[in-house]
Amino acid sequence: MLDDIFSDEKITEISRREIEDDKDFTEAFDSRHKFMKLAFEKAEEALTNLEVPVGCVFVYKNEIIGSGRNDVNVSRNPTRHAEMVAFEQILDYCKEHSLDSLEVFKETTLYVTLEPCMMCASALQQLQIPRIFFGASNERFGGIISVGNIKTYQENPPSMDIIAGIGTTFAVKLLKDFYKNTNMRAPIEKRIDKTVKNENNL
Ligand SMILES: [Zn+2]
């Protein structure tokens, strides 16, 4: 399945900085399948671990310096989103290489399978991540275009390149698999309880 995830790619340009001869963007764009594939592998790992299947990688000078997947349920920490998990690795990487993390973030590209939520979008904005590539939109919680609009926080002209639509179908399929499995796993008593509650509410 991972081999044909980009067959129906529909690129959407949400935001683009005005940089002439932007080699960094061209390089990041041309590498999108390679890195998004790795983000999807992280998302699949999340699914296997009964976490909402979202995965990401952060790339600095063509090297992955952080990657992550949702770790909310096992850690019982609602902020352990893929991006937040990866941030910790990036900070470790910077420490190890004696780099200023704030400078590194300014040259780092994010590839993430699902539109970042409001919390993560805000962090990405504050860290001045210059490029974000994502798969599917997150209609309920997306902080880039769906619920929050990151563009409203950006200066004019835009301060970030944001490209969507890379592996959308596969990102959605993983989410559907997750919700199908969690419903199947719900104990039958729970489902009955819910019905009773609903009837009471009526
Ligand atoms: Zn998030």
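Just so you know, these numbers come straight off a predicted model, no measurement behind them.

Draft legend 1. Seen up close, the overall build of the protein chain. Assigned secondary structure in the protein chain consists of eight helices and six strands. When the helices and strands of the protein chain are listed from N to C terminus, the series reads β-α-α-β-β-α-α-α-β-α-β-β-α-α. Burial analysis of the protein chain (202 residues in total) assigns 36% to the buried set. A separation of at least 24 residues holds for 61% of the contacts in the protein chain among residues at least 6 apart in sequence.

Draft legend 2. How the structure looks around unusual backbone geometry. With a phi close to 50 degrees, Asp21 is a non-glycine residue in the positive phi region. Looking at where Asp21 falls in the secondary structure, it is placed in the loop between strand E1 (12-15) and helix H1 (23-30). A positive phi angle, close to 50 degrees, is found at Lys61, a residue other than glycine. Take Lys61: it is sitting in the loop between strand E2 (55-60) and strand E3 (63-69).

Draft legend 3. Quick peek at helix H6 (residues 118-126). Buried within H6 we find Cys120, Ala121 and Leu124. In a view along the axis of H6, the buried residues occupy a sector of 100 degrees, so they form one face of it. In the core, the buried residues of H6 are packed alongside helix H4 (82-96), strand E4 (108-114) and strand E5 (131-136). Just downstream of H6 lies Gln128, where phi reads positive at about 60 degrees.

Draft legend 4. Spatial organisation of the nonpolar core. Residues Ala39, Cys56, Leu110 and Tyr111 are the most contacted members of the largest nonpolar core, which totals 45 residues. If one sorts the elements of this core by residue count, helix H2 (residues 32-48) sits on top with six residues.

Draft legend 5. A look at the sheet that holds E2. Read from one edge to the other, the open sheet built from six strands follows the order E1-E6-E5-E4-E2-E3, with strand pairing classed as mixed. What marks the edges here is a single partner per strand, and that holds for E1 and E3. Neighbour-to-neighbour, the strand axes of the sheet open up by a mean angle of 15 degrees, direction not taken into account. Pairing between E2 and E3: six bridges, direction antiparallel.

Draft legend 6. Here's a closer look at the pairing of E3. Along E3, five of the seven residues are buried, which leaves the element largely enclosed by surrounding structure. Linking E2 to E3, which pair antiparallel, is a turn of two residues; within it Lys61 sits at a positive phi near 50 degrees.

Draft legend 7. View of the pairing of E4. Most of E4 is tucked away: seven of the seven residues are buried. Sheet topology places E2 next to E4; five bridges connect them, and they run antiparallel. Looking at E4, one finds that Tyr60 is bridged to Thr108.

Cut-off values and rules
- Residues numbered from 1 in each chain as written.
- Predicted model: local features only at pLDDT ≥ 70, side-chain atom pairs only at ≥ 80, totals over all residues.
- Helix = DSSP H or I, 4+ residues; strand = E, 2+ residues; numbered from the N terminus.
- Buried ≥ 20, exposed ≤ 12 C-beta atoms within 10 Å, placed from the backbone.
- Contact = placed C-beta atoms within 7 Å.
- Arc of directions from axis to C-beta.
- Core = buried A, V, L, I, M, F, W, Y, C linked by C-beta atoms within 7 Å.
- Pairing = 2+ DSSP bridges.
- Axes fitted to C-alpha atoms, helices over the stretch in contact; angles between N-to-C directions.

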